[in-house]
Every structure is written in C-alpha cells, then in structure tokens.
Amino acid sequence: MPDAPRIRRYGDPVLSSVARPVEAFDADLAALVDDMRRSMAAADGVGLAAPQIGVGLRVFVMDCPGSDGERVVATLVNPVLELERGRELDEGEEGCLSVPGVYHDLARPGWARVRGFDETGAPVTVEGDGLVARCLQHEYDHLDGVVYVDKLPRRARKRLLAEMTDPAWSDVADGVRVPE
C-alpha cells in the first residue's frame, strides 16, 4: 500500500483557495477519498479536507467521536453547511493538522448539519453538537480557503504560527491521484 499523502502546512496557497465542486463520482474520486482517510488516520486526526493534501476539490472526511460516545464516520462531497440562528456558541479548543502542534480556543455554533454526497454519489447528511459540530464547520471552512487560525485575532495567530511544531511545508507525496 502506498504511503498516505502528506498534509500541507499553513501558508501553502492551496489552503487559502476556494475548492472546486466535484463533477464526477468515479474511481479517481474513490481513490482520493481513500488517500484522505489514510492521511487522516496516519496523522491521528478527526477530519481532513482535500485541500489539506493539495487537492482543490470540495471533499472532506471525518472520523470523530460524537457526544453519545459513538464515532461519526463520513465522507462529504460537495457539502452544504447549515447552522441554526440563535444557537449558543460553543467555546472550545481547536487544532488543525495543517497547523501542527498548536491549539487555541475558538467560538463556533454548538450545532451544525452538513448535507452532501458520499464518494459513490449517494446523499449523506451528518449533524451533531460538540466536537462533531466543530469538526463539520472546521472541515467545511477548509473548502472555502479558511484555516481556523485565520479566524483568530492577529496576535494570537502570530503566536500560534511561531509555535508550530513543523513550520516547513510538507509537499504532497508522489502518486496522489487528482480527479479531473
């Protein structure tokens, strides 16, 4: 089995670009999702968006513990994020595989729902509170070219980036399949 693609680090232009919609649910997309799942598992993450491995497509995967103790495992292609107005904000610690080794509190809505498709084109809806809501919003932000540190005050962002454990960018490993 080939190595998992390396995760791009904050500052890489793909992380600040809006991802393109997926147009074909084919073997290339299935291979991309497999690459993403392997990269997420290798990095011990709970979510990963395609731009984080250098692919500018609207896809993310997650394997996140839910508030009921059950794991929420999903692939979301061309997702649409839904947040309810008037919901309380949940202030919680957040981190990112593209900003390794640093964490910061960030307020986000405490509940979220994402509708999209899996890698076969079947409709998928994932919703939840707590860490699931945070993960859904965090990964969705990546598809719009936003990394969580972009939402922090300038001083906090500057401090976190200086503390990053591996500030050097990691290029995507050879052999990553990019759907056309």
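Residues numbered from 1 in each chain as written. Predicted model: local features only at pLDDT ≥ 70, side-chain atom pairs only at ≥ 80, totals over all residues. Heavy atoms only, no water.

Turning to helix α1 (residues 27–42), a few remarks are in order. Here α1 spans 22 Å end to end across 16 residues, near enough to the 22 Å set by a 1.5 Å rise per residue. Listing the buried residues of α1 in full gives Leu-29, Ala-31, Leu-32, Val-33, Asp-35, Met-36, Arg-38, Ser-39 and Met-40. Considering only its buried residues, α1 is in contact with β1 (47–49), β2 (59–65) and β3 (71–82). Among the residues of α1, the N-terminal cap falls to Asp-26, whose side-chain oxygen and the backbone nitrogen of Asp-28 are separated by 3.2 Å. In the stretch just after α1, Asp-44 is the one whose phi turns positive, near 60°. (Helix = DSSP H or I, 4+ residues; strand = E, 2+ residues; numbered from the N terminus. Expected span 1.5 Å × (residues − 1). Buried < 20%, exposed > 50% of the residue type's maximum accessible area, 1.4 Å probe, protein only. Contact = heavy atoms within 4.5 Å. Polar contact = N/O pair within 3.5 Å; in protein donor to acceptor, adjacent residues only side chain to side chain.)

Here the UniProt feature "binding site: Fe cation" (unreviewed entry) sits at Cys-96, His-138 and His-142. With the annotated positions falling across 47 residues, the maximum pairwise C-alpha distance of 10.3 Å places them together in a single cluster. With respect to the helices and strands, the residue Cys-96 is situated in strand β4 (residues 89–96). Beyond its immediate chain neighbours, meaning those up to four positions away, Cys-96 contacts Gln-52, His-138, His-142, Val-147 and Tyr-148. Structurally, His-138 is set in helix α2 (residues 130–143). Excluding residues within four positions of it along the chain, His-138 makes contact with Glu-94, Gly-95, Cys-96, Arg-108 and Tyr-148. A distance of 2.6 Å separates polar atoms of two side chains, one belonging to His-138 and the other to Glu-94. (UniProt positions renumbered as here; feature names shortened; annotations may be inferred.)

On to the UniProt feature "active site" (unreviewed entry) in the protein chain, then. Per the UniProt annotation, the sites labelled "active site" (unreviewed entry) are Glu-139. Within the secondary structure, Glu-139 sits in helix α2. Judged by relative accessible area, which is 3%, Glu-139 ranks as buried. Those residues in contact with Glu-139 that lie beyond four places of it in its chain are Gly-47, Leu-48, Ala-49, Gln-52 and Phe-60.

Within the structure shown, the criterion is met by 15 salt bridges. Note that Glu-82 and Arg-113 form a salt bridge whose closest N and O atoms lie 2.9 Å from each other. Of this pair, Glu-82 sits in strand β3 while Arg-113 is found in strand β6 (residues 111–117), placing the two residues 31 residues apart along the sequence. A relative accessible area of 23% means that Glu-82 is categorised as partly exposed. Of the charged contacts, one joins Arg-108 and Glu-94 as a salt bridge, the two residues approaching to 2.9 Å between their closest N and O atoms. Here Glu-94 lies in strand β4 and Arg-108 lies in strand β5 (residues 99–109), a separation of 14 residues in the sequence. Here Arg-108 falls in the buried class, since its relative accessible area comes to 4%. Salt bridges sharing partners connect three or more residues here, namely Asp-90, Glu-94, Arg-108, Arg-134, Asp-141 and Lys-151. (Salt bridge = Lys/Arg side-chain N within 4 Å of Asp/Glu carboxyl O.)

Another aspect to go through is the nonpolar core. Residues Phe-60, Met-62, Leu-76, Val-126, Val-132 and Leu-136 are the most contacted members of the largest nonpolar core, which totals 17 residues. Among all residues touching Met-62, those that are not within four sequence positions of it are Met-40, Val-46, Gly-47, Val-72, Val-73, Ala-74, Leu-76, Val-126, Val-132, Cys-135 and Leu-136. In this structure, Val-22, Leu-29, Met-36 and Val-59 belong to the second largest nonpolar core, which totals 16 residues. (Core = buried A, V, L, I, M, F, W, Y, C linked by side-chain atoms within 4.5 Å.)

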